[in-house]
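Here is what each chain is made of, one letter per residue.
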Amino acid sequence: MTVSTPSVDLAIETHGLTKRFGHQAAVDGIDLVVPRGAVFGFLGPNGSGKTTTIRLMLGLAAATSGDIRVLGRAMPQSLRDVLPRVGALVEGPAFYPFLSGAANLQRLDTADRYAPSATRAERVELALERVGLTHAAGKKVRAYSLGMKQRLGIANALLSPRDLLVLDEPTNGLDPQGTREVRNLVASLAADGATVFVSSHLLAEVEQMCTHAAVMSSGRIVAQGTLADLRGGGIAHVRIRTPDGAEARVVLARLGLVPAPRVGAPDRPPELDDVVTAPLLDDSTASEAIVAALVAAGVRVRGFAVEGSTLEDRFVALTGEGFDVAQ
Amino acid sequence: MPSDLVVRPARPAAGWALLSSELSVLFRRRRTWAMLAALAAIPILIAVAVRLSSSPPAAGEGPPFLDRVTQNGLFVGITALVVSIPLFLPLTVGVVAGDTIAGEASLGTLRYLLVGPAGRVRLLFVKYAGAAAFCLAATMTVMLAGALIGAALFPVGPVTLLSGDTVAVAESAVRALLVAAYVTVSLLGLSAIGLFISTLTEVPVGAMAATIVLSVVAQVLDSLSQLDWLHPWLFSHYWLGFADLLRQPISWASFGDNAALQAAYVLVFGALAYGRFVTKDVLT
């Protein structure tokens with residue numbers, strides 16, 4: 001690893017960041033590169049070290065070794081100057097159950113000496129409105145549902161204007177409507193120029209809202225880059241829906257492709273559609289030429305698609321464990 | 001956001017907002033009010049019991065100062081403090097001081113305060129100030145509840161001090177406040193111990209219990225004459241030593257000894273709490 005000079009256009013940068021608990025390395029020498037203005041997805045199965053990394057970034061826990069720079073400043077040394085510009089949701093929301101939602105936000109806001117007391121009530125009101133909790137502002141948090149607590153946690157991150165938002169599993173406990181709202185919120189924060197760092201174990205979530213991502217597995221980063229880069233590591237497939245599966249396979253083989261063998265029961269009625277897939281190993285075969293060849297051979301093409309590899313394929317290939325909890 | 005809310009002050013505020021928020025959270029909790037109500041019940045029980053008994057307590061009978069209650073109702077508060085000092089006050093102070101850091105850690109709000117960023121040293125100071133404010137509130141609750149119920153059930157008149165001098169009502173009120181101040185100072189060392197224990201755990205009940213047990217242990221050790229050499233170093237040693245404030249002229253020696261001992265405990269356990277908390281990994 002080369003020693004690089006701190007870069008001003010990076011929101012978060014780590015070098016060889018390591019955190020050990022006893023003999024086990026929860027975070028094992030990771031080099032994160034989060035560009036400013038990015039919506040950065042931090043992917044990994046449960047237990048892969050995502051939340052520990054976030055705790056290290058925010059100065060909640062001390063790294064065993066390695067450097068961290070957040071918004072261009074060394075952490076945790078510059079914590080007092082950096083953290084007022086960072087909004088965070090760390091390992092789920094946490095509040096005083098005996099206080100109302102608004103009172104909780106006011107309480108946590110007093111911790112920030114850069115947050116002016118004069119505008120506190122107004123900022124709390126706006127943050128609650130932004131996450132759709134205005135109606136529950138006066139209700140005790142004890143009576144909140146999990147989804148409402150999650151929204152309140154996001155509101156807490158938005159109490160002051162932020163340059164960086166660190167959101168750990170922001171859609172946990174939210175219904176599909178709430179998930180969509182969070183996605184829109186993240187988009188609007190990014191549009192305002194903030195960098196958003198979203199950790200998640202949900203691929204679809206990251207795929208839908210992020211520009212960049214890193215994949216973590218057992219304490220290490222196994223892939224990192226723009227979403228396109230990450231997907232690009234996989235192989236595209238053609239996918240043909242046709243009742244003439246056998247003929248289609250023959251045509252594909254003639255074009256130099258290797259179609260996947262037929263799956264399903266051998267005595268399936270022939271009038272049902274068969275799905276034939278084949279990997280596109282190189283760019284030598286144009287997809288329109290495949291369609292033309294199929295049609296010329298009398299194959300009844302009812303559906304045709306070229307599919308890039310999904311992030312999910314890459315995720316499973318990289319972590320080797322899908323969504324199982326890491327050991 | 002409207003533009004006037006987007007402006008970030010160039011310089012940080014002094015940070016009093018966190019202290020006032022701490023006090024308001026502490027005194028808005030139902031638990032705090034329940035403890036203060038229980039403390040207020042002690043003088044009320046004493047006063048009602050003395051009022052209902054057929055013969056007034058003789059000198060030296062029952063807890064100290066009980067015989068003076070029938071002369072001046074203000075003494076109900078002092079009698080109730082004497083009764084509360086060994087157990088009830090340390091119990092409530094142990095709950096508040098043990099809860100300081102561990103309570104925030106168990107709720108998970110500690111990480112949000114630190115990410116705020118509250119600053120770990122500032123948070124320790126604010127938490128200790130909150131515990132000290134509770135010591136004052138607890139002592140004053142006993143004293144005021146005692147004065148009120150005493151004034152309601154007994155005459156309020158000139159009072160004979162321990163030195164035999166008689167002082168007027170206004171003077172006796174000042175003496176009562178001095179005793180309350182003495183008891184408040186007495187509890188500051190225990191609060192610092194509780195704060196330190198609270199930084200060691202994420203289980204507030206454990207920190208509370210440990211603090212309360214220590215206060216009992218200190219009093220037990222203080223009663224063993226074989227451990228004479230240790231006694232002046234026990235934080236509970238001067239707890240009941242406010243009699244000097246009830247003499248004419250006032251002797252400040254015990255107040256000074258107590259204050260110096262408590263200050264030493266605050267410094268030592270404050271330093272231990274600092275050493276533990278600034279390097280602690282907050283994982284809840």
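Quantities reported herein were computed from a predicted structural model and do not represent experimental measurements.

Re the sheet that holds strand β12 (residues 237-242) of chain A
Strand pairing in a sheet relies on backbone hydrogen bonds, with the paired strands running either antiparallel or parallel.
Residue and element names in this part refer to chain A.
Thought 1: Read across the sheet, 3 strands follow the order β13-β12-β14 without closing on themselves; strand pairing throughout is antiparallel. Among the strands making up the open sheet, the edge pair consists of β13 (274-279) and β14 (303-307). On average, adjacent strands in this sheet sit at an angle of 15° to one another, irrespective of strand direction.
Thought 2: When β12 meets β14, the two strands line up antiparallel, connected through 5 bridges. The partner of V238 across the bridge, within β14, is V306.
Thought 3: Set on the sheet, helix α9 (residues 245-254) makes contact with β12 and β13; between it and β13 the angle comes to about 15°.
Thought 4: Against the sheet, helix α10 (residues 287-296) contacts β12 and β14, and its axis sits at roughly 155° relative to β14.

Details of empty space enclosed by the protein
Thought 1: If you walk through the whole model with that rule in mind, you get 3 cavities of 30 Å³ or more.
Thought 2: Within this model, the largest cavity holds a volume of roughly 190 Å³.
Thought 3: Those elements giving two or more residues to the lining of the largest cavity turn out to be α2 (16-28), α3 (30-52), α5 (88-107) and α7 (120-153) of chain B.
Thought 4: By residue number, the principal contributor to the lining of the largest cavity is α5(B), which donates 6 residues.
Thought 5: Counted by class, the lining of the largest cavity contains 7 nonpolar, 4 polar and 7 charged residues.
Thought 6: In this structure, the second largest cavity occupies an estimated 120 Å³ of space.
Thought 7: Surrounding the second largest cavity, A:V86, A:A88, A:L108, A:D109, A:D112, A:N156, A:A157, A:L159, A:R162, B:Y112, B:V115 and B:G116 form its lining.
Thought 8: Put simply, the parts of the chain that give the lining of the second largest cavity at least two residues each are β7 (86-89), α3 (101-109) and α5 (146-157) of chain A together with α6 (109-115) of chain B.
Thought 9: Residues of the lining of the second largest cavity, tallied by class, amount to 7 nonpolar, 2 polar and 3 charged.

A short note on the domain arrangement of chain A
Thought 1: What the domain assignment lists for chain A is domain 1 (10-232) and domain 2 (237-308).
Thought 2: Taking only C-alpha atoms, the centre of domain 1 of chain A and the centre of domain 2 of chain A are 45 Å apart.

Considerations on the packing of helix α8 (residues 169-186) of chain B against helix α11 (residues 253-277) of chain B
All names here are of chain B.
Thought 1: As a packed pair, α8 and α11 sit with axes 9 Å apart at the nearest point and diverge in direction by 25°. It follows from the interaxial angle that α8 and α11 lie roughly parallel. The two elements α8 and α11 cross, and the hand of that crossing is left-handed. Contact residues: L178, A181, Y182, V185 and S186 in α8; S254, F255, N258, A259 and Q262 in α11.
Thought 2: Grouping the constituent residues of the contact of α8 with α11 by class yields 6 nonpolar, 4 polar and no charged.

What to know about the packing of aromatic side chains
Thought 1: Inspection of every chain in the model, using the stated rule, returns 10 aromatic pairs over all chains.
Thought 2: Ring plane angle 45° and centroid distance 5.1 Å describe the contact between A:F42 and A:F197, whose orientation is recorded as tilted. Taken as a pair, A:F42 in strand β4 (residues 39-43) and A:F197 in strand β9 (residues 195-200) lie far apart in primary sequence, 155 residues in all.
Thought 3: Residue classification places A:F42 among the buried positions, given a relative accessible area of 0%.
Thought 4: In this structure, B:R120 packs its charged tip against the face of B:F277, placed 5.7 Å from the ring centre.

Side note on the nonpolar core
Thought 1: Counting residues in each nonpolar core, the largest one holds 160 residues, and the members touching the most others are A:F197 and B:F242.
Thought 2: When residues of this core are assigned to their parent elements, the largest contribution, 11 residues, is made by α7(B).
Thought 3: Apart from the residues lying within four places of it in its own chain, the contact partners of B:F242 are B:F65, B:I78, B:V82, B:I85, B:V179, B:Y182 and B:V183.

Some points on the pattern of salt bridges
Thought 1: According to the stated counting rule, one finds 20 salt bridges over all chains in the structure shown.
Thought 2: For the salt bridge of A:E169 with A:K50, the shortest nitrogen-to-oxygen distance reads 4.0 Å. In this pair, A:E169 is assigned in the loop between β8 (164-168) and α6 (176-191) and A:K50 in helix α1 (residues 50-57), connecting sequence segments 119 residues apart. Here A:E169 matches A:K50 in class, with each residue buried.
Thought 3: We note a salt bridge from B:D99 to B:R31, for which the minimum N-O separation is 2.8 Å. Taken together, the residues B:D99 in helix α5 and B:R31 in helix α3 connect sequence positions 68 residues apart.
Thought 4: Given a relative accessible area of 27%, B:R31 falls into the partly exposed group.
Thought 5: Counted as one network, the salt bridges with shared partners bring together A:R107, B:E22, B:E104 and B:K127.

About the cut-offs
- Every chain's residues receive numbers from 1 upward, in the order its sequence appears when written.
- Each chain gets a letter, beginning with A, and each ligand a number, beginning with 1, in the order they are written.
- Totals for whole chains, interfaces and linings use all residues, but because this is a predicted model, local features are given only for residues with pLDDT of at least 70 and pairs of side-chain atoms are given and counted only at 80 or more.
- Each side-chain value is worked out from all heavy atoms of the structure, with water and hydrogens disregarded.
- Two strands qualify as a pair provided that DSSP identifies no fewer than 2 bridges between them.
- Note on conventions: DSSP H or I runs of at least 4 residues are helices, E runs of at least 2 residues are strands, and numbering of each starts at the N terminus.
- Between N-to-C directions, angles cover 0 to 180 degrees, with each direction set by a line fitted to C-alpha atoms, over the stretch in contact for helices.
- For this analysis, residues touch if any pair of their heavy atoms sits within 4.5 Å.
- Note on definitions: the grid is 1 Å and covers protein atoms alone; a cavity is a set of points where a 1.4 Å probe fits but cannot get out; a pocket is an open set with protein on both sides within 12 Å along at least five of seven lines; lining residues have an atom within 4 Å of a point.
- Grid points are joined across faces, edges and corners, and a volume is the space filled by probe spheres set on the points.
- Three classes are used, and their members are as follows: Ala, Val, Leu, Ile, Met, Phe, Trp, Tyr, Cys and Pro are nonpolar, Asp, Glu, Lys and Arg are charged, and the others, Gly among them, are polar.
- What fixes the domain bounds is an automatic or database domain assignment.
- The cut-offs work like this: below 35 degrees is roughly parallel, past 145 is roughly antiparallel, 65 to 115 is roughly perpendicular, and the gaps in between are oblique.
- Crossing handedness is defined as follows: a turn of the near helix away from the far one that is anticlockwise and smaller than a right angle gives a left-handed crossing, while the clockwise case is right-handed.
- A pair of Phe, Tyr and Trp rings is counted when the ring centres sit within 6.5 Å of each other, with Trp represented by its six-membered ring. The angle between the planes then sorts it: under 30 degrees is stacked, over 60 is edge-to-face, the rest tilted.
- Summary of the burial criterion: residues with accessible area below 20% of their type's maximum are buried, those above 50% are exposed, and those between are partly exposed, where the area comes from a 1.4 Å probe applied to protein chains only.
- Charges are assigned to positions over rings by a cutoff of 6 Å between ring centre and Lys NZ or Arg CZ, combined with an angular limit of 35 degrees from the ring normal.
- What is meant by a nonpolar core is a set of buried Ala, Val, Leu, Ile, Met, Phe, Trp, Tyr and Cys residues, joined one to another through side-chain atoms within 4.5 Å.
- Salt bridge, as used here, is a side-chain nitrogen of Lys or Arg placed within 4 Å of a carboxyl oxygen of Asp or Glu.

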